Every structure is written in C-alpha cells, then in structure tokens.
Amino acid sequence: MFVLSNFMIAIANVLDTAFNIFYWLILIRALISWVNPDPFNPIVQFLYAATEWLLAPLRKLIPTWRIGIDLSPIIAFLLLIFLRSFLVMTLQQLALRLR
C-alpha cells in the first residue's frame, strides 16, 4: 500500500505546485492590466492564453461593475485557495492513512 500512498502524495505535490504557479500567473496578469500592456508582447499573450480559460467563465458569472472593476481574478484566487486547502490536503491525508 505504500506505493499507492507515495503516488497519491506525488499527485498532491504536483497539484499544489500547479495551483501555486497558476496563482502567480493570475496575479501577474492582474498587475499588468493596470499599466495597459502591449497586446503583441509574447509575455502578455502567454499570460492571457494561460489564464483566460478560467477567468472568462468567471467574468460571465460575475459581470464587471459600471466602474469597470473586474472581480474575476479575486474569485479565481479564492477558488485556487479552496482547491489547495481542500483537494491537496485531502489527498495528502488520505495517502498518510494508507501507509
């Protein structure tokens, strides 16, 4: 059973790292949006391509206010924090019980 336990811990660590990287990508995208970035810059295009799949559906659920504030990054942060707290911790604790 220790093989399955180690596998689950490895999956939990990979998910934790992926959530952490995605958190930073969304944060950098939100910060860059304040300075009106060049849309043809490859870094800006990468940030938009990497994060738009999550932020676009959130924008549909929570429309921007009349003052133009986009709340989708904040909701995405909360979602990522929840997933890191729930999913990763659950996998780690389940793996420890399998030992």
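Above this text is the structure in question.
All values reported here derive from a predicted model rather than from experimental measurement.

Rules behind the numbers
- Residues numbered from 1 in each chain as written.
- Predicted model: local features only at pLDDT ≥ 70, side-chain atom pairs only at ≥ 80, totals over all residues.
- Heavy atoms only, no water.
- Core = buried A, V, L, I, M, F, W, Y, C linked by side-chain atoms within 4.5 Å.
- Buried < 20%, exposed > 50% of the residue type's maximum accessible area, 1.4 Å probe, protein only.
- Helix = DSSP H or I, 4+ residues; strand = E, 2+ residues; numbered from the N terminus.
- Phe/Tyr/Trp six-rings, centres within 6.5 Å; stacked < 30°, edge-to-face > 60°.
- Lys NZ or Arg CZ within 6 Å of the ring centre and 35° of its normal.

(A) Summary view of the nonpolar core. Ranked by internal contacts, the top residues of the largest apolar core, which has 18 residues, are Phe-22, Leu-25, Ile-26, Leu-54, Ala-76 and Leu-80. Counting residues per element, the ones that place at least two in this core are helix 1 (2–32), helix 2 (42–61) and helix 3 (72–98).

(B) A look at the packing of aromatic side chains. Under the counting rule described, the total for this entry stands at 4 aromatic pairs. Centroid distance Tyr-23 to Trp-24: 6.2 Å. Interplanar angle 85 degrees. Geometry classified as edge-to-face. Judged by its relative accessible area of 47%, Trp-24 falls in the partly exposed class. Ring geometry for Phe-82 against Phe-86: centres 5.6 Å apart, planes inclined by 5 degrees, an arrangement best described as stacked. Highlighted residues: Phe-82 and Phe-86, both in helix 3, separated by 4 residues, approximately one helical turn. Overall, the relative accessible area of 49% leaves Phe-86 in the partly exposed class. Sitting above the plane of the Tyr-48 ring, Arg-29 keeps its charged end 4.2 Å from the centroid.

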